[in-house]
Amino acid sequence: MDPYVLKTLNAERRARRAAVLVTDLGDGRDRVVREGDMVAGELGAAIERAFRTGLSGSVEAEGRTFFLNAHLPQPRLVVIGAVHISQALAPMARIAGYPVEIVDPRTAFATPDRFPDVTLHAEWPQDVLARQPLDGYTALAAVTHDPKIDDFALKAALDARCFYVGALGSRKTHARRVERLLALGAGAEDIGRIHAPIGVDIGAASPAEIAVAVLAEVINAFRSRGLQRKGEAA
């Protein structure tokens, strides 16, 4: 591999940005395509699929054969709120391949006894996210039902273009949340990206059922990235 290409690819990986290494199997030439780069035609469609699925493999395009080596950051889940839903959600998300971090300044809730083997931050979200910023490969679920804790994290998630942003609460609760986020400077279009009420509508009632609904929505959001803006079905 060309040293410059390798340097470029490693820089993208360190920054938690997705990239596809495209190798022309006819002449051996490599190039790095970043997520969002425009590539036309059959090759562009194949690269888009690689970004969405994370799967590598060879493709035929424009009469040539290419190998696409997809490098996607591991998606992670940040949960705001050390509540019963979070207790059920954390182990489910780990099984599905999503590392979990839980943030809640309420030290009575954010305890290792309640969340064994989970990265736990008994701090305010603004302090945690200043050290560990969100990014486009992060999902954020705000489940405290406390605006003092949830609102900053939701605004940060919108600013970071997290692939999923969800918030617990009824439609009436969310309407008040929208007003607060607008006052914080969030745009109406961005606020429209928030999944609220949180989770796939499966009639969930118990904390464990709500956790299943949230994880399903997170997985769907990750695997359908970019489809809606192209007018395709999710």
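Keep in mind it's a predicted model, so treat the numbers as computed, not measured. Throughout, residues of each chain are indexed from 1 in the direction in which the sequence is written. A pLDDT threshold of at least 70 governs which residues receive local features in this predicted model, and a stricter bar of 80 or more applies before side-chain atom pairs are shown or counted, although totals over entire chains, interfaces and linings include all residues. Where side-chain values are given, they derive from all heavy atoms of the structure, hydrogens and water being excluded.

Pairing between strands is defined by DSSP: at least two bridges between them are needed. In this description a helix means any DSSP run of H or I spanning at least four residues, a strand means any run of E spanning at least two, and both kinds are numbered starting from the N terminus. Within the open sheet, the 5 strands sit side by side as β7-β6-β5-β8-β9. Their pairing is parallel. Single-partner strands in this sheet number two, and they are β7 (119-121) and β9 (164-167). With strand direction ignored, the average angle separating the axes of adjacent strands in the sheet is 15 degrees. Contacts are assigned to residue pairs with any non-hydrogen atoms lying within 4.5 Å of each other. Helix axes are fitted only over the stretch in contact, all axes being lines through C-alpha atoms; the angle between N-to-C directions runs from 0 to 180 degrees. Sitting on the sheet, helix α3 (residues 84-95) is in contact with β5 (76-80) and β6 (100-103), with an inclination near 160 degrees to β6.

One speaks of a salt bridge when a side-chain nitrogen belonging to Lys or Arg is within 4 Å of a carboxyl oxygen belonging to Asp or Glu. Under the criterion given, the structure shown has 14 salt bridges. The partner of E123 in a salt bridge is R131, and the shortest N-O contact between them spans 2.9 Å. Remark: exposure states derive from per-residue accessible area (1.4 Å probe, protein chains only) relative to the maximum for the residue type, with buried under 20%, exposed over 50%, and partly exposed in between. A residue is classified by how much of its surface remains accessible, and E123, at 27% relative accessible area, is partly exposed. Judged by relative accessible area, R131 falls into the partly exposed class, the value being 47%. What emerges from the salt-bridge pattern is a single network uniting D24, D27, R29 and R64.

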